[in-house]
Amino acid sequence: MNDPSTIALERCPHCGSDAKVQRHAAYRFVCRACGKPRIPMDARLATTDDPTKQALAGAYRQRVAKFAWQVGGIGATLVAIALAALGVGASVLFDFGAFGNTTIFAMLVVPIIVAVTAFVAGNKANQRSGKLLQEAWRLGANRVFANSGGRISAEVLSRGMGINLDEATELLAEAEVSQFLGSAQFQNAPGAAAHGRLRIDAAPTESPEQAAERELRETLGNAPTEQFASVKRYDD
Ligand SMILES: [Zn+2]
């Protein structure tokens, strides 16, 4: 039931192929054709929009960057080990003394710093990848949630997105929370207008800035342009 092959899978948003998806340890699901992360959404419920696609592509890029940093880090570590071995050997052979040993130590510092920096950067890229992936799934769940008019069970979501019930329950909680907070993605989602409106009015979490901005938007939307222009002139 939760097998992604049973849903009306959209085409891959990255490569456009009609290839299926497969489970992936880091990306949850990847395209069988291009290997990039995908959300196996049932096209009858929702498709991957551009922000979701961008988040997925970003998750992919950051993970590629992670591997590149790790390769660099391993390279620098090997250089450090080789230099250390050479230095110890040379020191023993030629009896470098304090100055020679200090010099060898100083030479070792550079590759060690490079290695540490690379591993830290790789770790950060990996974290960014995870966050982008999470964001993509949150956006995807919000779209499914919005397109269903806010009436969707974890069971339907799990079938529609080809995920298991636990994953669907978690996503639904996130979608409901972001909807409750009046997330822009939700309000802009097609078919969500009525709900979004309701939520704006009911949302107790609107900050003073957001309230002011909304009022300004509403005022700008209602006020004739001429009237505004004249107000502006007299202010000057
Ligand atoms: Zn693909």
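Residues numbered from 1 in each chain as written. Predicted model: local features only at pLDDT ≥ 70, side-chain atom pairs only at ≥ 80, totals over all residues.

### What to know about the packing of helix α2 (residues 97–147) against helix α3 (residues 154–161)
At a closest axis distance of 11 Å, the pairing of α2 and α3 adopts a crossing angle of 120°. As judged from the angle between their axes, α2 and α3 are oblique. The handedness of the crossing between α2 and α3 comes out as right-handed. Of α3, the residues touching α2 (which contributes Gly 140, Ala 141 and Val 144) are Leu 157, Gly 160 and Met 161. (Axes fitted to C-alpha atoms, helices over the stretch in contact; angles between N-to-C directions. Helix = DSSP H or I, 4+ residues; strand = E, 2+ residues; numbered from the N terminus. Parallel < 35°, antiparallel > 145°, perpendicular 65-115°, else oblique. Left-handed = near helix turned anticlockwise from the far one by under 90°. Contact = placed C-beta atoms within 7 Å.)

### Some remarks on the nonpolar core
Formed by 30 residues in total, the largest nonpolar core has its most connected members in Ala 59, Ala 136, Ala 141, Val 144, Leu 157 and Met 161. Mapped by element, the contributors of at least two residues to this core are β2 (28–31), α1 (50–94), α2, α3 and α4 (165–180). Top contributing element to this core by residue count: α2, with 9 residues. Those residues in contact with Val 144 that sit more than four places away from it in its chain are Met 41, Leu 45, Ala 46, Ile 152, Leu 157, Gly 160 and Met 161. Counting 5 residues, the second-largest nonpolar core is a separate cluster that includes Trp 69, Ala 76, Ala 115 and Ala 118. (Core = buried A, V, L, I, M, F, W, Y, C linked by C-beta atoms within 7 Å. Buried ≥ 20, exposed ≤ 12 C-beta atoms within 10 Å, placed from the backbone.)

### Some details on the confidence of the model for the chain
Of the residues in the chain, 72% reach a pLDDT of 70 or more, and the chain-wide mean stands at 78. Per-element mean pLDDT across the chain ranges from 38 in helix α6 (residues 193–202) up to 94 in β2. Per-residue pLDDT stays below 50 along residues 183–203; that stretch engages in 31 contacts with residues further than four places along the chain or on separate chains. Contacts for the low-pLDDT stretch residues 222–236, under 50 throughout, to residues beyond four places or in other chains number 1 contact. (pLDDT = per-residue confidence, 0-100.)

### Looking at the pairing of strand β1 (residues 21–24)
Two elements, β1 and β2, share 4 bridges in a ladder whose sense is antiparallel. Its bridge partner lying in β2, Val 21 is registered against Cys 31. (Pairing = 2+ DSSP bridges.)

### Comments concerning the packing of α1 against α2
At their nearest, the axes of α1 and α2 sit 7 Å apart, and the two run at 165° to each other. With respect to α2, the element α1 is oriented roughly antiparallel. In terms of crossing hand, the pair formed by α1 and α2 is left-handed. Residue composition of the contact of α1 with α2, grouped by class: 26 nonpolar, 15 polar and 4 charged. (Nonpolar A, V, L, I, M, F, W, Y, C, P; charged D, E, K, R; others polar.)

### Things to note about the environment of Ala 8
By the element assignment, Ala 8 lies in the segment before β1. In this structure, the C-alpha to C-alpha distance between Ala 8 and Pro 40, residues 32 residues apart in sequence, is 9.0 Å. Those residues in contact with Ala 8 that sit more than four places away from it in its chain are Asp 42, Ala 43 and Arg 44.

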